[in-house]
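# Architecture and fold: a report
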Amino acid sequence: MNVDIHGAPIYFEIPVLGGIPITSTLVITWVIMLVLTGLCIWLTHDLKAKNISKRQAAAEFLYNTAVNFVKNNMGEKWLHYVPFVAALFALSIISSLSSLVGVFSPTADVNTEMAWAILVFVLITYTKIRSGGIGGYLKGFTQPIFILTPFNIISELATPISMAFRHFGNIVSGYVISTLVYAALASASYALLHWIPGAVGRILSAIPILNFGLPAVLSLYFDWFSSFMQAFIFCMLTMMYIASAAEE
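Let me sum up the structure you'll find in this document.

About the cut-offs
- Residues numbered from 1 in each chain as written.
- Predicted model: local features only at pLDDT ≥ 70, side-chain atom pairs only at ≥ 80, totals over all residues.
- Heavy atoms only, no water.
- Helix = DSSP H or I, 4+ residues; strand = E, 2+ residues; numbered from the N terminus.
- Buried < 20%, exposed > 50% of the residue type's maximum accessible area, 1.4 Å probe, protein only.
- Salt bridge = Lys/Arg side-chain N within 4 Å of Asp/Glu carboxyl O.
- Expected span 1.5 Å × (residues − 1).
- Bend = angle between axes of the 7 residues up to and from the residue.
- Axes fitted to C-alpha atoms, helices over the stretch in contact; angles between N-to-C directions.
- Contact = heavy atoms within 4.5 Å.
- Nonpolar A, V, L, I, M, F, W, Y, C, P; charged D, E, K, R; others polar.
- Core = buried A, V, L, I, M, F, W, Y, C linked by side-chain atoms within 4.5 Å.
- Phe/Tyr/Trp six-rings, centres within 6.5 Å; stacked < 30°, edge-to-face > 60°.

## Details of unusual backbone geometry
That bond from Gln143 to Pro144 is cis: its omega, 0 degrees, falls within 30 degrees of zero. Here Pro144 lies in the loop between helix 4 (110-139) and helix 5 (149-193). Notably, Asp46 is not glycine yet its phi reads approximately 60 degrees, a positive angle. Locating Asp46 in the fold gives a position in the loop between helix 1 (24-44) and helix 2 (54-74). In this model, Asn51 sits at a positive phi of 50 degrees, which is unusual for a non-glycine residue. Examined against the element boundaries, Asn51 turns out to sit in the loop between helix 1 and helix 2. Judged by relative accessible area, Asn51 falls into the exposed class, the value being 74%.

See the structure below:
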């Protein structure tokens, strides 16, 4: 819902396709996935063993970085998770940074992180069952004593929720803080300049001069650093939970 210039509410009808609402999160996520797919195809086509191009060098660097990331945190036997972790890392970063080009960031919608977390939870459960069987998986809820079974179940179900809301909360908090800073600087600009008499004061006070400079510095943290950090933490938790699930 939005409002018009008179304050009257305006309702936007979300298009539906086959019973599925086509939200901005869904559309932008698919666009990002198509962009990443196209980028991967471009980076990996026409590979050579000698006299490689800068494009191939970049592709090999990204591949080796992803391999080392998984190997150092999970071990060599988990290298089959490299594509999954790399895709999750790239999707998280690009989704968070998409706001810099003026579109809605999918990571500002908790449904995005929850979908990722549920997928990770399925992999954790699969690893536990594959490692100890269904009996061993169910028995794990009764450890160390049977009376803790309800708490163990709650703890298990809380894993995807905590992963999703940790990522979502940090991204949205950055947006909120940035918006508040922009609004505060605009008000400060008006307060400082509206005292200038005449038309000059009216014109200058309407321009948020103080919004130049500081917001750019904040963007380095809330947009760039925070986006990379949240992607890193989410992937680290993913690897940690899956690797530890095989040891239970």
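Moving on from the coordinates now.
## So, the pattern of salt bridges
This structure, assessed with the given rule, holds one salt bridge. The partner of Lys128 in a salt bridge is Glu156, with the nearest N and O atoms 3.0 Å apart. Highlighted residues: Lys128 in helix 4 and Glu156 in helix 5, separated in sequence by 28 residues. Exposure remark for Glu156: the relative accessible area of 12% places this residue in the buried category.

## Section: helix 4
The end-to-end C-alpha distance of helix 4, which contains 30 residues, comes to just 32 Å, noticeably less than the 44 Å that a straight helix rising 1.5 Å per residue would cover. Gly133 marks the point of greatest bend in helix 4, at about 110 degrees. Turning to helix 4, its buried residues are Thr112, Glu113, Trp116, Ala117, Val120, Phe121, Leu123, Ile124, Thr125, Thr127, Lys128 and Tyr137.

## Notes on the packing of helix 1 against helix 2
Remark: helix 1 packs on helix 2, axes separated minimally by 8 Å, with the N-to-C direction vectors making an angle of 115 degrees. On the side of helix 1, the interface is formed by Trp42, Leu43 and Thr44, while helix 2 contributes Arg55, Ala59 and Leu62. Among the residues forming the contact of helix 1 with helix 2, the class breakdown is four nonpolar, one polar and one charged.

## With respect to the nonpolar core
Among the nonpolar cores identified, the biggest contains 28 residues, and Met74, Tyr81, Val85, Phe234 and Ile242 are the most heavily contacted of them. Sorting the residues of this core by element identifies helix 1, helix 2, helix 3 (82-97), helix 4, helix 5 and helix 7 (214-245) as the ones contributing at least two each. When residues of this core are assigned to their parent elements, the largest contribution, seven residues, is made by helix 7. Ignoring anything within four residues of it in the chain, the contact list for Tyr81 reads Met74, Leu123, Thr127 and Ile242.

## Re the packing of aromatic side chains
With the rule as written, the count across this model stands at seven aromatic pairs. When the centroid spacing of 6.2 Å and the interplanar angle of 70 degrees are considered together, the rings of Phe69 and Phe89 count as edge-to-face. Taken together, the residues Phe69 in helix 2 and Phe89 in helix 3 connect sequence positions 20 residues apart. Phe69 gets classed as buried once you look at its relative accessible area, which sits at 17%. Residue Phe89 is classed as partly exposed on the basis of its relative accessible area of 23%. Measuring from centroid to centroid gives 6.5 Å for Tyr81 and Phe84, while their planes differ by 75 degrees, and the two rings are edge-to-face. Overall, the relative accessible area of 22% leaves Phe84 in the partly exposed class.

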